[in-house]
Amino acid sequence: MSAITREDFTRLVHAEWTKFRTVRGWVIGMVFAGVMIVLFAYLATFAHHDGGICIGPNPASATCQSFAHPEPALSPSGVPVTDTYYLLHRPLIGNGSVTARVGSLSGKAQTGGGGAGVSINDLVGAPAAVNQWAKAGLIVTTSTKPGAAYAAVMLTGGHGVRMQSNYTGDTAGPHVSALTPRWLRLTRSATTLTGYESANGASWTKVGSVKLAGLAATAQAGLFVTSPPSTDLSSPQYFGGEGGANQTATGASASFDHVTLQGRSSAGWKAQNVGANTELPTLSSVGYRPTSAGFTISGSGDIAPAVAAGYTDEQPLTGVFIGLIVLIVLATMFITAEYRRGLIRTTLSATPRRGRVLFAKASVIGAITFVAGAAACAVSIAIGNHILRTNGNYVYPSGTLTQLRVILGTGALLALVAVLSLAVGTVLRRSAAAITAVIALVILPYILATASALPTGPSDWLLRLTPAAGFAIEQTLPQYHQVSYLYDPTGGFYPLAPGVGLGVLGAYTLVLLLIARRMLLTRDA
Amino acid sequence: MTHALHAEWTKLRTVTATAWLLVSAAVLTVALGAVVAHAVTYSAGAPQDITKVSLTGVYIGQAIVAILAVQAISAEYSCGMIRVTLVAVPRRPVVLAAKAAIVGAVVLAAGAVAMLGSVIAGRLILPASGFTPAHGYPPLSLGHGATLRATAGSVLYLALIALLSLGVAAAVREAAVAIGLVLGLLYVFPIIAALVGDKHLQRHLEQIAPMSAGLAIQSTVNLGHLPIAPWAGLGVLAAWAGVALLTGGLALKLRDA
């Protein structure tokens, strides 16, 4: 019995496949969708030798700079990083430790507003609240080259004492105020670095411990201060040049006293503004001065992963939106055309088990869309990234597995929307209404979330609760809690994890498919 | 022409879908505007264009208007009615002109209701979101020149979307393809523009995209920051609608029905 049933379903799928491939317009449409995806991969990437960041409201008079995204510094594990800080250091040969009391942190911000990409020159800081992720503390690093292996224990502007290492590692210590002095100690024992903190310099608490494989025998140990740009997280974005996340350079100062270095050293204290040549907006008024008990150091920048460095694999996938519209039209017509031509009555006479007809149709349109969509995305990413790199741009290293996830996931996204369209088409039977409904369900929330006056909170809910959540599958950039940034969808950041977002779309598709089946079963054709 | 107009009016008003579509266009427009006005909150650092916020509903309203306009042509093709129509009124450009006049008129009426409703909803809801006179936001009022322009302009915007859709539908006949083209043009064009990295190209795309350009009419503050001036933007949309109608008219004239 089950063998017959399976054969029956195979025959149905074959019938639906025949219907699809013998309608020239549908085949042309499917090819057109794929071509559009690839074509826009080219259009979205080719101009990027001339892109860059523009400052000022009116591009006619705006100053645009940095025509391409150059390669950022890379961490020992290959992650793009920001490594800009003011350092006072001594060589530390072999094992040893560095201890200091960090006085209160004070902040500075760039005056006169401004935007991203502000030159590091000619900016004078005005007194301001200290940045939440301003850092002052002790560091042991392989070298003063940006991207070097390091471990550090620090007092932050608003996140207490932290132990951080190799840019992505972050362990929280006690959540103390940046306004009260704190004792810090960092010890090296072979490749193990351990951070301690204390309120009085007598009783010490361990904050964290890390193993640094690549640490040189003679490392640099010292005191550092840095302060990342503040991001305006509230600015709404519209289509049309308004809004956009503005980054303002900030700086921080901290006093260090009771500074001791235990262990062998070969030289005295040396000052250096590490990684001063950065894309990050920074203040130029940095430096150090000796005080009666130690030093006061001012720094600007960050020691952290670089968020949204260069271009991502999503950049070449711009055309997916166009391909999506074409596929919505095709998949809806796959059922509504049958209603319009009366073919549905023939179809249902041939197979009176109506539910199965719907599933056969869904399988056929889903499979074709998946294959065509994934292929188009693979070609798009290959072409797009090649063009970006040829133009001297840095493309975020997402890894083969992530790329595969994006390619297959986008194929699945397109296939799910196609099946969803088929279901809505079955329910509404009119193509114009069905297509509009699907576009209003899938694409409109994305537009409202990214381009309307909606603040971040409600926008994020739109991308959690509507089928537009599925676009999260294209996300390749990791979010870091220790970097303050406008993590919004236009920047390639979604509120849901990729798989979960696709799952939300899948749930909508399944529910609509079941409703469609119910309608098909209970309604006269 | 009077007969043609009368015929089109009869065809449109005797289809129940017309009333449903017009009502849902108005309701959805007001509802979306109200939701967004409720969701936006006052923040001293992030000034808002509260007129534009209240009129956000046009994003969804235009889709319903597009269905109505596309169906006015495509439905005739799908049931063969178009042949009867063309026998009754053999001068084909007159048929399209009559359809444009009737569809445009009903959309103007529904659009006026939708936009007035949105302004009233905004006026009632926005103070609760913190947009009070104390914070520098007087209540929305059509007595304010820019708000009146934004509101009346949005009504015209919806009518132009209807004409654009009508032209596209006359050109391609098939409802599914027509609605796909129109909504793709409206919604996807700005997404593409937003994702293009080149700022100059992005600005040019926003100046010619029917939705981005047309909705410039809704801005009441920071007009200098817009990619295109409000009325010029509506002009761009009118040009799109004109070209679409001309293409549709030509296709209707030259092609067998």
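Residues numbered from 1 in each chain as written. Chains lettered and ligands numbered in written order. Predicted model: local features only at pLDDT ≥ 70, side-chain atom pairs only at ≥ 80, totals over all residues.

### A short note on the overall build of chain B
Going by this rule: A run of H or I in DSSP counts as a helix once it spans at least four residues, and a run of E counts as a strand once it spans at least two, with each numbered from the N terminus. Both definitions apply: the radius of gyration is a C-alpha atom measure, and the globule rule equals 2.2 Å times residues to the power 0.38. The burial label depends on the number of other C-beta atoms within 10 Å of a residue's C-beta. Counts of 20 or more mean buried, 12 or fewer mean exposed, and intermediate counts mean partly exposed, with C-beta atoms placed from the backbone. Our contact criterion uses C-beta atoms placed from the backbone: two residues qualify when those atoms are within 7 Å.
Helices and strands together make up the secondary structure of chain B, namely 11 helices and zero strands. Going from the N terminus to the C terminus, chain B shows its helices and strands as α-α-α-α-α-α-α-α-α-α-α. In terms of overall size, chain B behaves like a compact globule, its C-alpha atoms giving a radius of gyration of 19 Å where 257 residues would be expected to give roughly 18 Å. Its C-alpha atoms give chain B principal-axis dimensions of about 65 × 40 × 25 Å. Among the 257 residues that make up chain B, the fraction classed as buried is 58%. Taking all contacts inside chain B whose residues are at least 6 apart in sequence as the whole, residues at least 24 apart take part in 76%.

### Observations regarding the overall build of chain A
What chain A contains, in helices and strands, is 10 helices and 20 strands. Sorting the 525 residues of chain A into buried and exposed places 54% on the buried side.

### Concerning the domain arrangement of chain A
This is how the line gets drawn: Those domain boundaries reflect an automatic or database domain assignment.
The domain architecture assigned to chain A consists of domain 1 (2-50 + 311-522) and domain 2 (73-305). A separation of 45 Å is found between the C-alpha centroids of domain 1 of chain A and domain 2 of chain A.

### Section: the pairing of strand E8 (residues 161-165) of chain A
All names here are of chain A. Our working rule: When DSSP locates at least two bridges between a pair of strands, those strands are taken to pair.
Among the five residues in E8, five count as buried, and that is most of the element. Residue alternation in E8 divides its side chains into two sets, Val161, Met163 and Ser165 and Arg162 and Gln164, and both sets are buried. In terms of strand pairing, strand E7 (residues 150-156) meets E8 through five bridges, oriented antiparallel. Bridge pairing in E8 links valine 153 to methionine 163. Once E7 ends, the chain turns through four residues before running back antiparallel as E8, passing glycine 160 with a positive phi of about 70°. Direction of pairing for E8 relative to strand E9 (residues 169-172): antiparallel, over a ladder of four bridges.

### Things to note about helix H9 (residues 199-208) of chain B
Residues and elements named next belong to chain B. Put simply, the test is: Within this analysis, the arc is defined by the directions that extend from the helix axis to the C-beta atoms.
Where H9 is concerned, the buried positions are Gln202, Arg203, Leu205 and Glu206. Considered in projection along H9, the buried side chains sweep an arc of 160° and stay on one side of the axis. On its buried face, H9 sits against helix H8 (175-195) and helix H10 (210-214).

### Re the nonpolar core
To keep things clear, this is the line we draw: Joined through C-beta atoms within 7 Å, a set of buried Ala, Val, Leu, Ile, Met, Phe, Trp, Tyr and Cys residues constitutes a nonpolar core.
Counting residues in each nonpolar core, the largest one holds 186 residues, and the members touching the most others are B:Val70, B:Ala162, B:Leu166, B:Ile179 and B:Val182. For B:Ala162, the residues in contact, after removing those within four places along its chain, are B:Val65, B:Leu68, B:Ala69, B:Val103, B:Gly104 and B:Val107. Of all hydrophobic cores here, the second largest spans 67 residues; its members include A:Leu184, A:Ala219, A:Leu223 and A:Ala304.

### A closer look at helix H7 (residues 145-172) of chain B
What counts here: Each residue after the first adds 1.5 Å to the expected span of a helix.
Between its terminal C-alpha atoms H7(B) stretches 40 Å, which fits the 40 Å expected from 28 residues at 1.5 Å a residue. In terms of residue burial, H7(B) counts as a mostly covered element, since 23 of its 28 residues are buried.

### Some remarks on the packing of helix H4 (residues 58-79) of chain B against H8(B)
Residues and elements named next belong to chain B. Put simply, the rule is: Lines are fitted to the C-alpha atoms to define the axes, a helix being fitted only along its stretch in contact, and any angle between axes, read from their N-to-C directions, falls within 0 to 180 degrees. The labels follow the angle: roughly parallel below 35 degrees, roughly antiparallel above 145, roughly perpendicular from 65 to 115, and oblique for the rest. Crossings are assigned a handedness: left-handed for a near helix turned anticlockwise from the far helix by less than a right angle, right-handed for a clockwise turn. Gly is put with the polar residues, along with every residue not named as nonpolar or charged; the nonpolar set is Ala, Val, Leu, Ile, Met, Phe, Trp, Tyr, Cys and Pro, and the charged set is Asp, Glu, Lys and Arg.
Following both chains from N to C, one finds H4 and H8 inclined at 155°, their axes separated by 9 Å at the closest point. Comparing the axis directions of H4 and H8 gives the class roughly antiparallel. Both H4 and H8 take part in a crossing whose hand is right-handed. Contacts between H4 and H8 involve Gln62, Ala63, Ala66, Ile67, Val70, Gln71, Ser74 and Ser78 on the former and, on the latter, Ala175, Ala178, Ile179, Val182, Leu183 and Leu186. Split by residue class, the contact of H4 with H8 holds 10 nonpolar, four polar and no charged.

### Quick notes on the environment of B:Ala239
All names here are of chain B. With respect to the helices and strands, alanine 239 occurs in helix H11 (residues 230-254). Assessed through the 15 C-beta atoms surrounding it within 10 Å, alanine 239 is described here as partly exposed. Distance in space between the C-alpha atoms of alanine 239 and serine 74 is 22 Å, their sequence separation being 165 residues.

### Topic: the environment of A:Lys361
Residues and elements named next belong to chain A. Relative to the elements of secondary structure, lysine 361 occurs in helix H5 (residues 354-390). Using a count of 27 C-beta atoms within 10 Å as the deciding quantity, one classes lysine 361 as buried. For the pair lysine 361 and threonine 410, spaced 49 residues apart in sequence, the C-alpha to C-alpha distance is 21 Å. The contact partners of lysine 361, leaving out residues within four places of it in the chain, are Glu16, Phe334, Ile335 and Leu422.

### A closer look at the packing of helix H6 (residues 92-125) of chain B against H11(B)
Describing two packed helices takes the angle between their axes plus the distance from one axis to the other. Residue and element names in this part refer to chain B. Two numbers describe how H6 lies on H11: the axes approach to 8 Å, and their chain directions differ by 140°. Taken together, the axes of H6 and H11 lie oblique to each other. Handedness of the crossing formed by H6 with H11: right-handed. Note on element contacts: H11 touches H6 through Leu245, Gly248, Gly249, Leu252 and Lys253, opposite Arg92, Pro93, Leu96 and Ala100. When its residues are assigned to classes, the contact of H6 with H11 shows five nonpolar, two polar and two charged.

### Some words on the confidence of the model for chain A
Atomic detail in the predicted coordinates should be set aside for any region of low pLDDT. Residue and element names in this part refer to chain A. What counts here: The pLDDT score gives, residue by residue, the confidence of the prediction method on a 0 to 100 scale.
Of all residues in chain A, 88% attain a pLDDT of 70 or more, and the chain-wide mean is 84. Note on residues 112-124: pLDDT under 50 across the span, and 29 contacts to partners over four residues away in sequence or across chains. Taken as a whole, residues 235-244 scores under 50 in pLDDT and shows 33 contacts with residues more than four places along the chain or in a different chain.

### Notes on the environment of A:Thr84
Residues and elements named next belong to chain A. Note on placement: threonine 84 falls in strand E4 (residues 80-110). C-alpha separation for the pair threonine 84 and threonine 278, spaced 194 residues apart in sequence, amounts to 7.3 Å. Once residues lying within four places of it in the same chain are set aside, the contact partners of threonine 84 are Thr226, Val274, Gly275, Ala276, Thr278, Leu280, Thr282, Gly301 and Asp302.

### Describing unusual backbone geometry
Residues and elements named next belong to chain A. Positioned with a positive phi, tyrosine 167 is a non-glycine residue whose angle comes to about 75°. One can find tyrosine 167 in the loop between E8 and E9. Using a count of 27 C-beta atoms within 10 Å as the deciding quantity, one classes tyrosine 167 as buried. In the Ramachandran plot, alanine 190 falls in the positive-phi region, its phi being about 55° despite a non-glycine side chain.

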